[in-house]
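Observations on the three-dimensional arrangement
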Amino acid sequence: MTYPFQRKLAASMIAVAAFSMSSTAVFAQQAPAPAPTPSGAQGSSAIDQEAIDNFAVASIEIQQILAKWEPRLNSAQSEAQVQEIRENQQEELMAALQANDLDITAYNTILQVANNDPELAQRIQQRQQQLLQ
């Protein structure tokens, strides 16, 4: 069963995953804030409310960043332009994660747990709705 939450955040997961490998070195040079690292057995119980709040804000910001850069990517005239646009987009995505005390690993972990845990997905979605009101 596919939940609306999964469809809505699929694009942000893909985008974050796409730049995660190239951004690992950037995060390694910086001191990332502590982030939840739930294992499969622990599930959503290892993800506290602060992490949910941070994830909810970051996911909204990521969606906005992706929407902002999409027209620029679509209108790029060369591979060089695409590369430059993607680098700028990546910087903004990274900043959004850092501003919300997350790194790529923590963001993707929470997203994966939420995709497999309807209760966590609902909690995140409720928080997002609160933030968007």
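Residues numbered from 1 in each chain as written. Predicted model: local features only at pLDDT ≥ 70, side-chain atom pairs only at ≥ 80, totals over all residues. Heavy atoms only, no water.

Let us look at the confidence of the model for the chain. Detailed reading of the predicted coordinates is not advisable wherever pLDDT is low. Put simply, the chain has an average pLDDT of 78, and 66% of its residues get 70 or more. Overall, residues 17-41 carries pLDDT values under 50, and its contacts beyond four positions in sequence, including any with other chains, amount to 33 contacts. (pLDDT = per-residue confidence, 0-100. Contact = heavy atoms within 4.5 Å.)

Counting 27 residues, the largest nonpolar core has Leu102 and Tyr107 as its most contacted members. Listed by contribution, the elements that provide at least two residues to this core are α2 (49-74), α3 (79-99), α4 (104-116) and α5 (118-132). Of all the elements, α2 adds the most residues to this core, at nine residues. (Core = buried A, V, L, I, M, F, W, Y, C linked by side-chain atoms within 4.5 Å. Buried < 20%, exposed > 50% of the residue type's maximum accessible area, 1.4 Å probe, protein only. Helix = DSSP H or I, 4+ residues; strand = E, 2+ residues; numbered from the N terminus.)

Our next topic: the side chain of asparagine 54. Within the secondary structure, asparagine 54 is located in helix α2. Given the relative accessible area of 16%, asparagine 54 is considered buried. Not counting chain neighbours up to four residues away, the residues in contact with asparagine 54 comprise Asn100, Asp101 and Leu102.

Attention now moves to the packing of aromatic side chains. Applying the stated criterion across every chain yields a total of one aromatic pair. Between arginine 72 and the ring centre of tryptophan 69, over which it is positioned, the NZ or CZ distance is 4.4 Å. (Phe/Tyr/Trp six-rings, centres within 6.5 Å; stacked < 30°, edge-to-face > 60°. Lys NZ or Arg CZ within 6 Å of the ring centre and 35° of its normal.)

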